[in-house]
Amino acid sequence: MAKIPSALVQPWPSAGSIGADRRGLLASGEGIYVTDGHGRKLIDGPAGMWCVNVGHRNAELAKVMQEQALELSYNSPWYTTSSPADALADVLADRAPGDLNHVFFTTGGSSAVETALRIMQFANNVRGRPEKKLMVSRQGGYHGSTYLSASLNGRPRDQDWMDSATHLVRKLSSPDPFRRPEGMSIEAFEDGLVAEFAALIEKERAERIGAFVAEPIQASGGVIVPPPGYLKRMRALCAENDILFIADEVVTAFGRLGSVFASRDVFGIEPDMITFAKGVTSGYFPLGGVMVSARLFEELRRSNHPDAMFAHGLTYSSHPVGCAVALKNLELLEGGILDHVNALSGHFQTSLKSLEDLALVGEVRGLGLMACIECVADRVSNNPLTLDLEVGKRIDAHCQDLGLLVRPLINMCVMSPPLTITIEQVDTMVDILRRGISRTMD
Ligand code: PMP
């Protein structure tokens, strides 16, 4: 067996011992499949990291990348622009909800979240309200790996050691219906979540809270689909209190839920900003960005203080190759893949849901082409805590033996395959999961 250099493997639990040894090196990809260093072909269940939306080895994207690199290989975002960046900005403004018709490009999701928060602080400074700076996020949320974006994350392993960056952050409960108190209705659960935010605003005072940052569906937290009225009511509370609603659509945009942006099309809300990354290029090139409302953009421009221009310009943000590939990617998504997702998602969710008859499975939930299988120790208490917390990794290991990569998250397995997956391939995926989970129970 080839030795796998340790530098290739993330030292975190979800890619730990078993997963790392087996996953190690990927040699190539084609459509929904990847081939590992031992020549084994596996279904890419997580589409990389929720990103390879049009699938691997797409010749059209590869061609555009090469052509753009030969045409104009770099452009400084500080001084000039490029045709692909201009064209992409236009298309995104057209597809984004409401008046979100300005975009600040970044190099990925963390830098998009950072940029959105800098915009919040800058705009409040311009309006003479520099103390309006607290950021509200939620348990179970994930927003990035940089210092500030990570301090919004609602996972214990980020909170343990990040105290110095979290004094500006307040966390609300995760809107996780599966984990609501026993016997409580969904309606009462939703009311409680909204009341919790209202109480926080009351306690901290609206004049001190700058933004609420939320994934419409918490992805890495276990594909948490919130109660039906939750996002609209949280959005309304933000508007009433002049708190910016930042929808982190790094996972949910660009097709995962069957639309370009999900905020309006799927959840009926118009945020003040939307952060995006990953699927914008189907993972072929690092690119992200923040869609910003016209109102907010005007506030950024209102500052005429020479030292207080809103300075934004990562060296590689709006990279011409990234923007060119994003334009082609959007063409592919809108040229049939979004329709395919909308047609397939019912079957995808129902067939995964059938796994709930396995004793280890507490719940299967999801929307569009993203889903999570949550394992429990027993289905009376639904308690995950007494369960072997390596269970996700063990399911992943068994599934890999059977030809499927799974994204294990402690006691959960997340599925978000390339959007081009066919109905037959979904059935194969679910069949492997059934066998993999059954082997884990033996
Ligand atoms: N927001 C969300 C919702 C994410 O899922 C991620 C990445 N998994 C990020 C932000 C950070 O994106 P990146 O890794 O591109 O910095």
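Residues numbered from 1 in each chain as written. Predicted model: local features only at pLDDT ≥ 70, side-chain atom pairs only at ≥ 80, totals over all residues.

Going by the annotation in an unreviewed UniProt entry, the name recorded for the protein chain is Aminotransferase, with Metarhizobium album given as the source organism. On record in UniProt, under Cofactor (unreviewed entry), the comment for the protein chain is "pyridoxal 5'-phosphate". (UniProt positions renumbered as here; feature names shortened; annotations may be inferred.)

Q: What is the right way to read the overall build of the protein chain from this model?
A: Of the regular secondary structure elements, the protein chain holds 14 helices and 15 strands. Put simply, the protein chain has 442 residues, and 50% of those count as buried. (Helix = DSSP H or I, 4+ residues; strand = E, 2+ residues; numbered from the N terminus. Buried ≥ 20, exposed ≤ 12 C-beta atoms within 10 Å, placed from the backbone.)

Q: Just checking my understanding: could you explain the nonpolar core for this structure?
A: Most often, soluble globular proteins have nonpolar side chains that are buried together. Ranked by size, the top nonpolar core spans 123 residues in total, and within it Ala211 and Phe212 carry the most contacts. For this core, the element with the highest residue contribution is helix α12 (residues 320-353), accounting for 15 residues. Each of two domains, domain 1 (6-57 + 336-441) and domain 2 (77-318), supplies a minimum of three residues to this core. Residues in contact with Phe212, not counting those within four places in the same chain, are Val136, Met234, Cys238, Ile243, Phe245 and Ile246. (Core = buried A, V, L, I, M, F, W, Y, C linked by C-beta atoms within 7 Å. Domains from an automatic or database assignment. Contact = placed C-beta atoms within 7 Å.)

Q: Looking at this structure, how should I read helix α8 (residues 186-204)?
A: Residues three or four positions apart in an α-helix share a direction because the helix packs 3.6 residues into each turn. With 19 residues, α8 should cover 27 Å at 1.5 Å per step; its first-to-last C-alpha distance of 27 Å lies within 8% of that length. Those residues of α8 not exposed but buried are Glu190, Leu193, Phe197 and Ile201. Down the axis of α8, the buried set is contained in an arc of 80°. They therefore lie on one face. In α8, the exposed residues that point more than 90 degrees away from the buried face are Ala195, Ala199, Glu202 and Lys203. (Expected span 1.5 Å × (residues − 1). Arc of directions from axis to C-beta.)

Q: Looking at this model, I keep getting lost on the sheet that holds strand β10 (residues 288-292). Mind explaining?
A: Hydrogen bonds between backbone groups are what pair the strands of a sheet, and the pairing can be parallel or antiparallel. Strand order across the open sheet formed by 7 strands is β4-β10-β9-β8-β7-β5-β6, with mixed pairing between neighbours. Both edges of this open sheet fall to β4 (102-106) and β6 (169-172), since each of them pairs with a single strand only. Here the average twist between neighbouring strands, direction ignored, is 20°. Of the pairings in the sheet, the one linking strand β5 (residues 134-138) to strand β7 (residues 209-214) comprises 3 bridges and is parallel in character. (Pairing = 2+ DSSP bridges. Axes fitted to C-alpha atoms, helices over the stretch in contact; angles between N-to-C directions.)

Q: How should I be thinking about the domain arrangement of the protein chain in this particular structure?
A: How big an interface is tends to be stated in terms of the accessible area lost upon association of its parts. Considered domain by domain, the protein chain is made up of domain 1 (6-57 + 336-441) and domain 2 (77-318). Each partner contributes to the interface: domain 1 provides 26 residues, whereas domain 2 provides 18 residues. Elements with a minimum of two residues in the side of domain 1 that touches domain 2: α2 (47-50), α12, β11 (361-367), β12 (370-375) and β15 (412-415). It is α12 that provides the largest number of residues to the side of domain 1 that touches domain 2, a total of 5 residues. Considering only residue class, the side of domain 1 that touches domain 2 consists of 16 nonpolar, 7 polar and 3 charged. (Nonpolar A, V, L, I, M, F, W, Y, C, P; charged D, E, K, R; others polar.)

Q: I keep staring at helix α13 (residues 391-402) and nothing clicks. Help me out?
A: Helix length check: α13, at 12 residues, gives a terminal C-alpha distance of 17 Å against a target of 16 Å (1.5 Å per residue), a fit within 8%. Of the residues making up α13, those classed as buried are Val391, Gly392, Lys393, Ile395, Asp396, Ala397, His398, Cys399 and Gln400. In the stretch just after α13, Gly403 is the one whose phi turns positive, near 105°.

Q: For this particular structure, what's the right way to read the site of the ligand?
A: In the region of the ligand, 16 residues are neighbours, and Gly108, Gly109, Ser110, Gly144 and Val250 sit closest. Per-element tally for the shell around the ligand: the top contributor is helix α5 (residues 109-126), with 3 residues. Class assignment of the residues belonging to the shell around the ligand gives a composition of 7 nonpolar, 7 polar and 2 charged. (Near = placed C-beta within 6 Å.)

Q: I tried to follow the sheet that holds strand β13 (residues 404-405) on my own but got confused; where do I start?
A: Spatially, 4 strands are ordered β1-β2-β3-β13 in an open sheet, and the strand pairing comes out mixed. The sheet terminates laterally at β1 (26-30) and β13, the two strands that pair on one side only.

Q: What should I look at first to understand the confidence of the model for the protein chain in this one?
A: If pLDDT is low for a region, its predicted coordinates should not be looked at in detail. Mean pLDDT over the protein chain stands at 91; residues scoring 70 or higher make up 90%. The low-confidence segment residues 1-22 (pLDDT under 50) makes 25 contacts with residues lying over four places distant or belonging to another chain. Across the predicted assembly, pTM comes out at 0.94 and ipTM at 0.99. (pLDDT = per-residue confidence, 0-100.)

Q: Teacher, can you tell me more about the packing of α8 against helix α9 (residues 230-240) here?
A: Relative placement of two packed helices is described by the angle separating their axes and the distance separating the axes. Here α8 crosses α9 at 15°, and the two axes come no closer than 10 Å. It follows from the interaxial angle that α8 and α9 lie roughly parallel. Here α8 runs over α9; the crossing is right-handed. Contacts between α8 and α9 pair Glu190, Leu193, Val194, Phe197, Ala198 and Ile201 from the former with Tyr230, Arg233, Met234 and Leu237 from the latter. Each residue belonging to the contact of α8 with α9 can be placed in one class, and the counts come to 8 nonpolar, no polar and 2 charged. (Parallel < 35°, antiparallel > 145°, perpendicular 65-115°, else oblique. Left-handed = near helix turned anticlockwise from the far one by under 90°.)

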